[in-house]
Structures are given as structure tokens and as C-alpha cells.
Amino acid sequence: MRTLIVEDDFIARTIMQELLKDLGPCHVAVNGVEAVRAVSAALAAQQQYDVICLDIMMPEMDGQSALLEIRKLEEAAGFAVGMGAKVIITTALADKENIMRAFRNAADTYLVKPIEKAKLLECIRGFGLVA
Ligand SMILES: [Mg+2]
């Protein structure tokens, strides 16, 4: 399982990386701009990410905008809807507007911080990516 963690906070990013590193390559991006670049490079190399953990509040480009761009890149790369990366929104924002917007932008799951290990792993298992 190839994972991309997109998170501007060092501590949050490191905790998630520690949680997921045993499941396969686990890359990090510190904002939406880096995330879009990472996804673009991964698609070009035909090594697309299986899972993207995506924070919303980040400098440069926020997670909602990054998600839109990522879905566009996947579409351009020939991925049918639902066949791209599984996107788990990992955010402190729990308002209805952000939640609805994320799902409209084709997020797969929405987790509110603090992110619990069991919850995160359960959600990844739900995707059928790990046993
Ligand atoms: Mg943040």
C-alpha cells in the first residue's frame, strides 16, 4: 500500500507516518501544492498512491483545493471515478460545510482530529487494502 500524508503540522504528520509506515511506502507533503506535485509525479511514474491522508487547513493550498486538483489529475490520467486514491480527510474541522464539500470533491472518508490509530486502520481495512 502506497500512502501520501498531507499535513502542515510536523507532529501530526510524524504521528501518522509512524502509524502507517509498516503498511508500505509512506510519503509526506506539507501543503496542498506539494501534495498535487507528489500525486502528479506518482501518476507519471505509474506508482499512484493507494491512500492519501489529507489535512484541510494548510498554507499555500488547502486540502479542499488540493483534493479537487488531485481528482482532476487522476481523471486526466485515465482513472474512472472511484478508481483513484482513497482519500481520508484528517482535519480539526468538523463543520457540516467542510464535510459536505469534501464528499462533493470525492473524498472517501472524513476523520476529525485527534486521529486515533484504531480508527485510521479500520478505515484503511474498509478499503480492502490491507488484511
Ligand atoms: Mg493543518
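The subject of this paragraph is the overall build of the protein chain. Scanning the protein chain for helices and strands turns up 5 helices and 5 strands. When its helices and strands are written in sequence order, the protein chain yields β-α-β-α-β-α-β-α-β-α. Taking 131 residues into account, the globule formula puts the C-alpha radius of gyration at 14 Å, and the protein chain, at 13 Å, falls close to it. Considering the protein chain as a whole, with its 131 residues, one finds that 44% of them fall into the buried category. Put simply, the protein chain has 14 plus and 18 minus side-chain charges, and the middle of one group is 3 Å from the middle of the other.

Enumeration over the complete set of coordinates arrives at 6 salt bridges. Measuring nitrogen to oxygen at the nearest pair gives 2.9 Å for the salt bridge that ties Glu7 to Lys113. Note that Glu7 is positioned in the loop between strand S1 (3–6) and helix H1 (10–20) and Lys113 in the loop between strand S5 (109–112) and helix H5 (117–126), a separation of 106 residues in sequence. For Glu7, a relative accessible area of 1% corresponds to the buried category. Taking the relative accessible area as the measure of exposure, Lys113 reaches 28% and is therefore partly exposed. Where Glu69 meets Lys72, a salt bridge forms, and the shortest distance between an N and an O atom there is 3.3 Å. You can see Glu69 and its partner Lys72 sitting in helix H3 (residues 63–76), 3 residues apart, about one turn around the helix. Assessed through its relative accessible area of 30%, Glu69 is described here as partly exposed. A single salt-bridge network, built from bridges that share partners, covers Glu7, Asp55 and Lys113.

Within strand S4 (residues 86–91), 5 of the 6 residues are buried, leaving the element largely enclosed by the surrounding structure. The pairing of strand S3 (residues 51–54) with S4 spans 4 bridges and is parallel. Its bridge partner being in S4, Leu54 is matched across the sheet by Ile89. The β-α-β motif built from S3, the intervening H3 and the parallel element S4 has right-handed crossover chirality. Relative to S5, S4 runs parallel, the two being bridged by 4 bridges. Residue pairing across strands places Thr91 opposite Val112, the latter belonging to S5. Between the parallel elements S4 and S5, the chain passes through helix H4 (residues 96–104) in a crossover that is right-handed.

Conventions adopted
Residues numbered from 1 in each chain as written. Predicted model: local features only at pLDDT ≥ 70, side-chain atom pairs only at ≥ 80, totals over all residues. Heavy atoms only, no water. Helix = DSSP H or I, 4+ residues; strand = E, 2+ residues; numbered from the N terminus. Rg over C-alpha atoms; globule rule 2.2 N^0.38 Å. Buried < 20%, exposed > 50% of the residue type's maximum accessible area, 1.4 Å probe, protein only. Lys, Arg positive; Asp, Glu negative; His and termini not counted. Charge placed at Lys NZ, Arg CZ, Asp CG, Glu CD. Salt bridge = Lys/Arg side-chain N within 4 Å of Asp/Glu carboxyl O. Pairing = 2+ DSSP bridges. Right-handed = clockwise from strand over helix to strand, strands pointing away.

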